[in-house]
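So you can see what is in the structure, the chains are spelled out below.
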Amino acid sequence: MKFETLAIHAGREADIATGAVAPSPILSTTFARDVHGEYPHGHVYTRSSNPGRASLEALLAALEGGVAAAAFGSGSAASLSLFQGLAPGDHVIAPDDVYHGTRTQLRELLARWGLTHSLIDLTRLDAVRAAIRPETRLIWAETPSNPLLKVSDIAALAELAHASGAQLVVDSTFATPVLQQPLQLGADYVMHSTTKYLGGHSDVLGGAVIARRQDELFGRVRDYQGKGGAVPSPFDCWLLQRSIATLPLRVRAQVANAQAVAEFLAAHPAVSVVHYPGLSSHAGHALASAQMKGYGAMLSFQLHGGREAALAVAAKVALFTRATSLGGVESLIEHRASVEGPHTTTPQDLLRMSVGLEHADDLIDDLRQALAA
Ligand code: PLP
(Lines give C-alpha, C1' and ligand atoms only; values in the text may rest on other atoms or scores of the structure.)
Protein backbone atom coordinates (compact mmCIF):
# COMPACT_ATOMS: atom_id res chain seq x y z
CA MET A 1 0.00 0.00 0.00
CA LYS A 2 1.15 3.55 -0.69
CA PHE A 3 2.13 5.94 2.11
CA GLU A 4 -0.98 8.17 1.84
CA THR A 5 -3.26 5.14 2.16
CA LEU A 6 -1.31 3.78 5.14
CA ALA A 7 -1.43 7.18 6.84
CA ILE A 8 -5.23 6.92 6.90
CA HIS A 9 -5.89 3.21 7.26
CA ALA A 10 -2.97 1.49 9.05
CA GLY A 11 -3.82 0.59 12.63
CA ARG A 12 -7.47 1.57 12.28
CA GLU A 13 -10.07 -1.00 13.13
CA ALA A 14 -13.79 -0.68 12.50
CA ASP A 15 -15.77 -0.18 15.68
CA ILE A 16 -17.88 -3.34 15.62
CA ALA A 17 -19.97 -2.27 18.62
CA THR A 18 -21.21 1.04 17.15
CA GLY A 19 -20.23 1.16 13.48
CA ALA A 20 -18.42 4.45 14.09
CA VAL A 21 -16.18 5.40 11.17
CA ALA A 22 -13.94 7.75 13.13
CA PRO A 23 -12.04 6.23 16.05
CA SER A 24 -12.68 7.57 19.56
CA PRO A 25 -10.23 7.53 22.44
CA ILE A 26 -10.80 4.72 24.97
CA LEU A 27 -10.15 6.51 28.23
CA SER A 28 -10.58 3.50 30.51
CA THR A 29 -7.50 2.76 32.61
CA THR A 30 -8.55 -0.83 33.22
CA PHE A 31 -10.12 -3.67 31.23
CA ALA A 32 -12.44 -6.50 32.27
CA ARG A 33 -11.59 -10.18 32.51
CA ASP A 34 -14.11 -12.69 31.16
CA VAL A 35 -15.58 -15.48 33.30
CA HIS A 36 -12.51 -17.62 32.59
CA GLY A 37 -10.24 -14.91 33.97
CA GLU A 38 -8.91 -14.05 30.51
CA TYR A 39 -8.63 -10.64 28.86
CA PRO A 40 -10.52 -11.21 25.57
CA HIS A 41 -9.36 -7.93 24.01
CA GLY A 42 -5.74 -8.26 25.09
CA HIS A 43 -5.64 -5.12 27.22
CA VAL A 44 -5.24 -5.24 31.00
CA TYR A 45 -4.29 -1.78 32.23
CA THR A 46 -3.63 1.37 30.22
CA ARG A 47 -0.05 1.83 31.40
CA SER A 48 0.79 -1.53 29.77
CA SER A 49 -1.42 -1.11 26.71
CA ASN A 50 -4.49 0.70 25.50
CA PRO A 51 -6.49 0.17 22.29
CA GLY A 52 -5.79 3.68 20.96
CA ARG A 53 -2.09 3.43 21.71
CA ALA A 54 -1.94 0.03 20.01
CA SER A 55 -3.58 1.58 16.91
CA LEU A 56 -1.13 4.48 16.92
CA GLU A 57 1.83 2.12 17.31
CA ALA A 58 0.63 -0.07 14.41
CA LEU A 59 0.30 3.08 12.30
CA LEU A 60 3.79 4.34 13.18
CA ALA A 61 5.36 0.94 12.49
CA ALA A 62 3.62 0.80 9.08
CA LEU A 63 4.76 4.31 8.11
CA GLU A 64 8.41 3.54 8.89
CA GLY A 65 8.32 -0.05 7.58
CA GLY A 66 9.22 -1.42 11.03
CA VAL A 67 7.94 -4.46 12.90
CA ALA A 68 6.78 -2.58 15.99
CA ALA A 69 6.61 0.84 17.61
CA ALA A 70 6.50 2.08 21.18
CA ALA A 71 4.72 5.40 21.78
CA PHE A 72 5.82 7.69 24.60
CA GLY A 73 4.61 10.78 26.40
CA SER A 74 7.34 12.88 24.73
CA GLY A 75 10.22 12.59 22.29
CA SER A 76 12.55 12.95 25.27
CA ALA A 77 11.02 9.90 26.97
CA ALA A 78 11.48 8.00 23.68
CA SER A 79 15.19 8.86 23.46
CA LEU A 80 15.71 8.10 27.15
CA SER A 81 14.11 4.65 26.70
CA LEU A 82 16.83 3.74 24.19
CA PHE A 83 19.67 5.14 26.28
CA GLN A 84 18.42 3.47 29.46
CA GLY A 85 18.17 0.22 27.54
CA LEU A 86 21.97 0.29 27.45
CA ALA A 87 24.11 -0.82 30.39
CA PRO A 88 26.41 1.26 32.59
CA GLY A 89 29.83 1.39 30.90
CA ASP A 90 28.40 1.36 27.37
CA HIS A 91 29.39 4.12 24.96
CA VAL A 92 27.23 6.18 22.60
CA ILE A 93 28.30 8.25 19.59
CA ALA A 94 26.02 11.22 18.87
CA PRO A 95 26.26 14.20 16.50
CA ASP A 96 28.17 17.26 17.67
CA ASP A 97 25.07 19.35 16.88
CA VAL A 98 22.57 16.85 18.32
CA TYR A 99 19.26 18.31 19.61
CA HIS A 100 20.27 20.06 22.83
CA GLY A 101 17.78 18.07 24.94
CA THR A 102 19.37 14.80 23.80
CA ARG A 103 22.79 16.23 24.60
CA THR A 104 21.54 17.22 28.07
CA GLN A 105 20.22 13.69 28.66
CA LEU A 106 23.61 12.24 27.76
CA ARG A 107 25.59 14.78 29.76
CA GLU A 108 23.43 15.10 32.87
CA LEU A 109 21.10 12.11 33.26
CA LEU A 110 23.06 9.32 31.63
CA ALA A 111 26.51 10.18 32.92
CA ARG A 112 25.12 9.27 36.37
CA TRP A 113 23.83 6.05 34.80
CA GLY A 114 27.43 5.27 33.79
CA LEU A 115 26.93 5.79 30.07
CA THR A 116 29.75 7.52 28.22
CA HIS A 117 29.38 9.40 24.96
CA SER A 118 31.33 11.18 22.24
CA LEU A 119 29.91 14.06 20.21
CA ILE A 120 31.22 13.71 16.64
CA ASP A 121 30.53 15.37 13.30
CA LEU A 122 28.56 12.48 11.78
CA THR A 123 28.99 13.89 8.28
CA ARG A 124 32.66 12.81 8.60
CA LEU A 125 32.67 9.03 8.45
CA ASP A 126 36.41 8.85 9.20
CA ALA A 127 35.77 10.73 12.48
CA VAL A 128 32.95 8.34 13.36
CA ARG A 129 35.14 5.33 12.61
CA ALA A 130 37.89 6.74 14.82
CA ALA A 131 35.46 7.38 17.68
CA ILE A 132 34.15 3.79 17.81
CA ARG A 133 35.34 1.90 20.90
CA PRO A 134 34.95 -1.76 21.88
CA GLU A 135 32.14 -0.69 24.25
CA THR A 136 30.29 1.45 21.66
CA ARG A 137 26.74 0.11 21.54
CA LEU A 138 24.84 2.87 19.75
CA ILE A 139 25.43 5.43 17.06
CA TRP A 140 22.77 8.11 17.46
CA ALA A 141 22.21 10.03 14.24
CA GLU A 142 19.97 13.01 13.74
CA THR A 143 19.46 13.86 10.11
CA PRO A 144 18.75 16.52 9.08
CA SER A 145 20.15 17.88 12.34
CA ASN A 146 18.86 20.54 14.65
CA PRO A 147 19.61 23.41 14.11
CA LEU A 148 22.33 23.26 11.42
CA LEU A 149 20.45 20.92 9.05
CA LYS A 150 23.51 18.75 8.54
CA VAL A 151 22.76 15.60 6.57
CA SER A 152 24.46 12.34 7.52
CA ASP A 153 24.66 9.14 5.50
CA ILE A 154 22.29 6.65 7.15
CA ALA A 155 23.36 3.61 5.10
CA ALA A 156 27.07 4.26 5.70
CA LEU A 157 26.53 4.85 9.44
CA ALA A 158 24.52 1.63 9.69
CA GLU A 159 27.36 -0.26 8.04
CA LEU A 160 29.92 1.28 10.41
CA ALA A 161 27.77 0.52 13.45
CA HIS A 162 27.08 -3.07 12.46
CA ALA A 163 30.71 -3.79 11.58
CA SER A 164 31.63 -3.00 15.19
CA GLY A 165 28.71 -4.73 16.91
CA ALA A 166 26.81 -1.50 17.56
CA GLN A 167 23.36 -0.39 16.43
CA LEU A 168 22.14 2.72 14.67
CA VAL A 169 19.29 4.96 15.86
CA VAL A 170 18.07 7.81 13.67
CA ASP A 171 16.19 10.72 15.21
CA SER A 172 14.12 11.39 12.10
CA THR A 173 11.93 14.10 13.65
CA PHE A 174 12.87 16.77 11.06
CA ALA A 175 12.38 14.46 8.09
CA THR A 176 9.22 12.54 9.06
CA PRO A 177 8.54 9.16 7.41
CA VAL A 178 7.11 11.06 4.44
CA LEU A 179 10.60 12.19 3.42
CA GLN A 180 12.94 9.58 4.90
CA GLN A 181 12.66 5.98 6.06
CA PRO A 182 15.83 5.13 7.97
CA LEU A 183 14.92 1.47 8.62
CA GLN A 184 14.93 0.89 4.86
CA LEU A 185 18.48 2.29 4.73
CA GLY A 186 19.78 -0.06 7.41
CA ALA A 187 19.07 1.76 10.69
CA ASP A 188 17.93 -0.41 13.61
CA TYR A 189 15.58 2.10 15.24
CA VAL A 190 13.87 5.33 14.32
CA MET A 191 13.05 7.84 17.00
CA HIS A 192 10.53 10.67 16.62
CA SER A 193 9.39 13.57 18.67
CA THR A 194 5.78 13.15 17.53
CA THR A 195 5.20 16.56 19.11
CA LYS A 196 6.44 17.99 15.80
CA TYR A 197 5.21 17.07 12.30
CA LEU A 198 3.33 13.92 13.25
CA GLY A 199 1.21 15.91 15.69
CA GLY A 200 1.41 18.83 13.29
CA HIS A 201 -0.74 21.33 15.19
CA SER A 202 1.42 22.28 18.21
CA ASP A 203 -1.12 20.82 20.62
CA VAL A 204 0.15 17.37 21.59
CA LEU A 205 3.40 16.16 23.16
CA GLY A 206 4.61 12.71 22.21
CA GLY A 207 7.43 10.49 21.08
CA ALA A 208 8.03 7.10 19.50
CA VAL A 209 10.64 4.43 18.89
CA ILE A 210 10.11 2.23 15.85
CA ALA A 211 12.12 -0.98 15.50
CA ARG A 212 13.37 -2.95 12.52
CA ARG A 213 13.41 -6.18 14.57
CA GLN A 214 11.95 -7.37 17.86
CA ASP A 215 15.37 -7.46 19.50
CA GLU A 216 16.71 -7.20 23.05
CA LEU A 217 17.08 -3.44 23.11
CA PHE A 218 13.56 -2.92 21.80
CA GLY A 219 12.33 -5.28 24.55
CA ARG A 220 13.95 -2.94 27.08
CA VAL A 221 12.36 0.07 25.35
CA ARG A 222 8.97 -1.65 25.84
CA ASP A 223 9.81 -2.30 29.49
CA TYR A 224 10.71 1.33 30.02
CA GLN A 225 7.42 2.31 28.40
CA GLY A 226 5.11 -0.02 30.33
CA LYS A 227 6.99 -0.58 33.59
CA GLY A 228 8.51 2.90 33.68
CA GLY A 229 5.15 4.37 32.74
CA ALA A 230 6.37 6.99 30.26
CA VAL A 231 3.18 6.62 28.21
CA PRO A 232 1.06 9.07 26.21
CA SER A 233 -2.55 9.53 27.30
CA PRO A 234 -5.33 7.88 25.23
CA PHE A 235 -6.44 11.35 24.15
CA ASP A 236 -2.93 12.24 22.93
CA CYS A 237 -2.77 8.96 20.97
CA TRP A 238 -6.11 9.81 19.39
CA LEU A 239 -4.94 13.34 18.47
CA LEU A 240 -1.80 11.91 16.87
CA GLN A 241 -3.63 9.31 14.83
CA ARG A 242 -6.05 11.98 13.64
CA SER A 243 -3.19 14.27 12.59
CA ILE A 244 -1.14 11.60 10.86
CA ALA A 245 -3.95 11.07 8.31
CA THR A 246 -2.97 14.43 6.77
CA LEU A 247 0.80 14.14 7.40
CA PRO A 248 1.87 13.56 3.77
CA LEU A 249 -0.18 16.50 2.49
CA ARG A 250 1.00 18.86 5.22
CA VAL A 251 4.65 17.91 4.91
CA ARG A 252 4.80 18.27 1.13
CA ALA A 253 3.15 21.69 1.25
CA GLN A 254 5.47 22.81 4.05
CA VAL A 255 8.51 21.60 2.09
CA ALA A 256 7.43 23.66 -0.94
CA ASN A 257 7.07 26.74 1.29
CA ALA A 258 10.46 26.12 2.92
CA GLN A 259 12.17 25.87 -0.47
CA ALA A 260 10.68 29.23 -1.52
CA VAL A 261 11.67 30.88 1.78
CA ALA A 262 15.20 29.41 1.60
CA GLU A 263 15.71 30.71 -1.95
CA PHE A 264 14.49 34.16 -0.92
CA LEU A 265 16.83 34.26 2.07
CA ALA A 266 19.81 32.96 0.09
CA ALA A 267 19.48 35.92 -2.31
CA HIS A 268 19.09 38.55 0.45
CA PRO A 269 22.13 40.80 1.09
CA ALA A 270 21.64 40.83 4.90
CA VAL A 271 21.90 37.04 5.09
CA SER A 272 25.36 35.46 5.24
CA VAL A 273 24.37 31.79 5.00
CA VAL A 274 21.22 29.69 4.73
CA HIS A 275 21.25 26.14 6.09
CA TYR A 276 18.70 24.23 4.02
CA PRO A 277 19.44 20.92 2.27
CA GLY A 278 17.21 21.92 -0.66
CA LEU A 279 19.73 24.56 -1.76
CA SER A 280 22.42 23.27 -4.12
CA SER A 281 24.95 25.29 -2.07
CA HIS A 282 24.24 23.17 1.05
CA ALA A 283 26.99 20.64 1.88
CA GLY A 284 24.42 17.86 2.31
CA HIS A 285 22.39 18.60 -0.83
CA ALA A 286 23.55 15.59 -2.90
CA LEU A 287 23.18 13.16 0.00
CA ALA A 288 19.75 14.54 0.92
CA SER A 289 18.70 14.15 -2.74
CA ALA A 290 19.70 10.49 -2.58
CA GLN A 291 18.34 9.46 0.82
CA MET A 292 15.31 11.76 1.20
CA LYS A 293 12.15 12.31 -0.84
CA GLY A 294 12.19 16.03 -0.07
CA TYR A 295 14.36 18.44 1.89
CA GLY A 296 12.11 19.17 4.87
CA ALA A 297 10.52 22.34 6.15
CA MET A 298 13.12 23.35 8.75
CA LEU A 299 15.84 25.82 7.93
CA SER A 300 18.20 28.15 9.69
CA PHE A 301 20.08 31.22 8.53
CA GLN A 302 22.80 33.55 9.76
CA LEU A 303 23.01 37.31 9.46
CA HIS A 304 25.94 39.55 8.54
CA GLY A 305 24.95 41.83 11.42
CA GLY A 306 25.61 39.17 14.09
CA ARG A 307 23.55 38.43 17.21
CA GLU A 308 21.99 41.91 17.37
CA ALA A 309 20.76 41.68 13.79
CA ALA A 310 19.36 38.19 14.41
CA LEU A 311 17.45 39.37 17.48
CA ALA A 312 16.21 42.44 15.58
CA VAL A 313 14.83 40.34 12.71
CA ALA A 314 13.12 38.00 15.19
CA ALA A 315 11.61 41.04 16.91
CA LYS A 316 10.36 42.54 13.66
CA VAL A 317 8.53 39.60 12.03
CA ALA A 318 4.76 39.74 12.29
CA LEU A 319 3.53 36.50 10.74
CA PHE A 320 6.16 34.18 12.15
CA THR A 321 5.63 33.48 15.85
CA ARG A 322 8.68 33.80 18.09
CA ALA A 323 8.55 30.39 19.74
CA THR A 324 10.47 27.19 20.12
CA SER A 325 9.38 23.82 18.65
CA LEU A 326 8.51 22.99 15.06
CA GLY A 327 6.37 21.03 12.67
CA GLY A 328 3.05 22.78 13.24
CA VAL A 329 0.81 24.45 10.67
CA GLU A 330 1.98 27.90 11.82
CA SER A 331 5.48 29.23 11.02
CA LEU A 332 7.84 29.76 13.96
CA ILE A 333 11.12 31.63 14.30
CA GLU A 334 13.64 31.29 17.06
CA HIS A 335 17.01 32.67 18.18
CA ARG A 336 18.26 29.18 18.83
CA ALA A 337 21.32 29.96 20.99
CA SER A 338 19.08 31.74 23.52
CA VAL A 339 16.87 28.69 24.04
CA GLU A 340 19.77 26.23 24.18
CA GLY A 341 21.34 27.93 27.20
CA PRO A 342 24.93 28.28 28.39
CA HIS A 343 26.25 25.08 26.76
CA THR A 344 25.10 26.11 23.29
CA THR A 345 27.42 25.63 20.32
CA THR A 346 24.92 27.30 17.96
CA PRO A 347 26.17 30.51 16.30
CA GLN A 348 24.76 33.65 17.96
CA ASP A 349 23.83 35.16 14.58
CA LEU A 350 21.56 32.21 13.71
CA LEU A 351 17.78 32.13 13.48
CA ARG A 352 15.95 28.82 13.09
CA MET A 353 12.64 28.58 11.32
CA SER A 354 9.88 26.03 11.15
CA VAL A 355 8.03 26.86 7.94
CA GLY A 356 4.30 26.26 8.19
CA LEU A 357 1.34 26.13 5.87
CA GLU A 358 0.66 29.84 5.33
CA HIS A 359 1.05 31.08 1.75
CA ALA A 360 4.76 31.32 0.84
CA ASP A 361 4.27 34.86 -0.57
CA ASP A 362 3.02 36.10 2.81
CA LEU A 363 5.91 34.48 4.66
CA ILE A 364 8.43 36.01 2.25
CA ASP A 365 6.78 39.47 2.48
CA ASP A 366 7.06 39.27 6.26
CA LEU A 367 10.75 38.33 6.13
CA ARG A 368 11.42 41.03 3.53
CA GLN A 369 10.07 43.79 5.78
CA ALA A 370 11.84 42.37 8.86
CA LEU A 371 15.20 42.15 7.06
CA ALA A 372 14.81 45.65 5.57
CA ALA A 373 14.39 47.07 9.06
N1 PLP B 1 14.51 15.39 18.81
C2 PLP B 1 14.43 16.53 18.11
C3 PLP B 1 15.14 16.64 16.80
C4 PLP B 1 13.70 17.61 18.62
O5 PLP B 1 13.64 18.76 17.92
C6 PLP B 1 13.05 17.48 19.88
C7 PLP B 1 12.28 18.61 20.45
O8 PLP B 1 12.41 19.75 20.04
C9 PLP B 1 13.15 16.27 20.57
C10 PLP B 1 13.88 15.25 19.99
C11 PLP B 1 12.50 16.09 21.91
O12 PLP B 1 11.13 15.93 21.78
P13 PLP B 1 10.04 16.38 22.90
O14 PLP B 1 10.11 17.86 23.01
O15 PLP B 1 8.77 15.85 22.32
O16 PLP B 1 10.42 15.72 24.18
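Structure: see above.
Read on for an overview of the structure. (Residues numbered from 1 in each chain as written. Predicted model: local features only at pLDDT ≥ 70, side-chain atom pairs only at ≥ 80, totals over all residues. Heavy atoms only, no water.)

## Topic: the side chain of serine 172
Heads up, the condition is: Helix and strand labels come from DSSP, where a helix needs a run of H or I of at least four residues and a strand needs a run of E of at least two; each type is numbered from the N terminus. Partly exposed residues are those whose accessible area sits between 20% and 50% of the maximum for their type, while under 20% is buried and over 50% is exposed, using a 1.4 Å probe and protein chains only. Residue contacts are defined here by distance: any two heavy atoms, one from each residue, within 4.5 Å place the two residues in contact.
Assignment of secondary structure puts serine 172 in the loop between strand 5 (167-171) and helix 7 (176-179). In this structure serine 172 comes out as buried when scored by relative accessible area, which is 0%. Leave out the neighbours within four places in its chain, and serine 172 touches Gln180, Pro182, Val190, Met191 and His192.

## Some words on the pattern of salt bridges
Spelled out, the test is: Salt bridge, as used here, is a side-chain nitrogen of Lys or Arg placed within 4 Å of a carboxyl oxygen of Asp or Glu.
Inspection of every chain in the model, using the stated rule, returns 18 salt bridges. A salt bridge links aspartate 121 to lysine 150; the shortest N-O distance between them is 3.5 Å. Here aspartate 121 is found in the loop between strand 3 (116-120) and helix 5 (125-131), whereas its partner lysine 150 is found in the loop between strand 4 (136-142) and helix 6 (154-163), with 29 residues between them in sequence. Salt-bridge contacts for glutamate 334 lead to arginine 352; the nearest nitrogen and oxygen are separated by 3.4 Å. Of the two residues, glutamate 334 sits in strand 11 (residues 332-335) while arginine 352 sits in strand 12 (residues 350-354), which places them 18 residues apart along the sequence.

## Regarding the layout of surface pockets
Rules: Computed over the protein atoms alone on a 1 Å grid, cavities are sets of points where a 1.4 Å probe fits but cannot get out and pockets are open sets with protein on both sides within 12 Å along at least five of seven lines; a residue lines them when it has an atom within 4 Å of a point. Grid points are joined across faces, edges and corners, and a volume is the space filled by probe spheres set on the points. In this count, Pro and Cys sit with the nonpolar residues alongside Ala, Val, Leu, Ile, Met, Phe, Trp and Tyr, while Asp, Glu, Lys and Arg are called charged and the others, Gly among them, polar. An automatic or database domain assignment supplies the residue ranges for each domain.
Space inside the largest pocket adds up to approximately 840 Å³. Taken together, 27 residues form the lining of the largest pocket, with Glu13, Ala14, Ile26, Pro51 and Ser55 sitting closest to its centre. Residue assignment for the lining of the largest pocket shows that the elements contributing at least two residues are helix 2 (51-64) and helix 9 (234-244). Here the lining of the largest pocket takes four residues from helix 2, the largest share from any one element. Looking at the lining of the largest pocket, its residues break down into 16 nonpolar, eight polar and three charged. Computed from the structure, the second largest pocket encloses a volume of approximately 420 Å³. As for the second largest pocket, its lining consists of 27 residues, of which Ser76, Tyr99, Ser193, Lys196 and Leu326 are closest to the centre. The element contributing the most residues to the lining of the second largest pocket is helix 3 (residues 75-84), with three residues. Its residues placed into classes, the lining of the second largest pocket shows eight nonpolar, 13 polar and six charged. Of the domains in this structure, domain 1 (3-244) and domain 2 (248-372) are the two that each give at least three residues to the lining of the second largest pocket.

## Description of the site of the ligand
The following threshold applies: Distances are taken per atom, and a residue is near a molecule or strand as soon as one of its heavy atoms is within 4 Å of it. Between N or O atoms, a polar contact is any pair within 3.5 Å; within protein, one atom must be a potential hydrogen donor and the other a potential acceptor, and residues adjacent in sequence are included only when both atoms are from side chains. Where accessible areas are quoted, they stem from the Shrake-Rupley method and a 1.4 Å probe; at the residue level, only the protein chains shown are allowed to cover. If over half the atoms of a molecule are within 2 Å of the grid points of a cavity or pocket, the molecule is regarded as sitting in it.
The environment of the ligand is formed by 14 residues, the closest being Gly75, Ser76, Asp171, Ser193 and Thr195. Aspartate 171 places a side-chain nitrogen or oxygen 2.6 Å from a nitrogen atom of the ligand. Contact between the ligand and serine 193: an oxygen atom at 2.8 Å from a side-chain N or O atom of the residue. In isolation the ligand exposes 390 Å². Once the protein is present, 91% of that is buried. When each cavity is represented as a set of grid points, the ligand is found to reside in the second largest pocket. Listed by contribution, the elements that provide at least two residues to the shell around the ligand are helix 3 and strand 6 (189-193). In terms of residue class, the shell around the ligand is made up of three nonpolar, eight polar and three charged.

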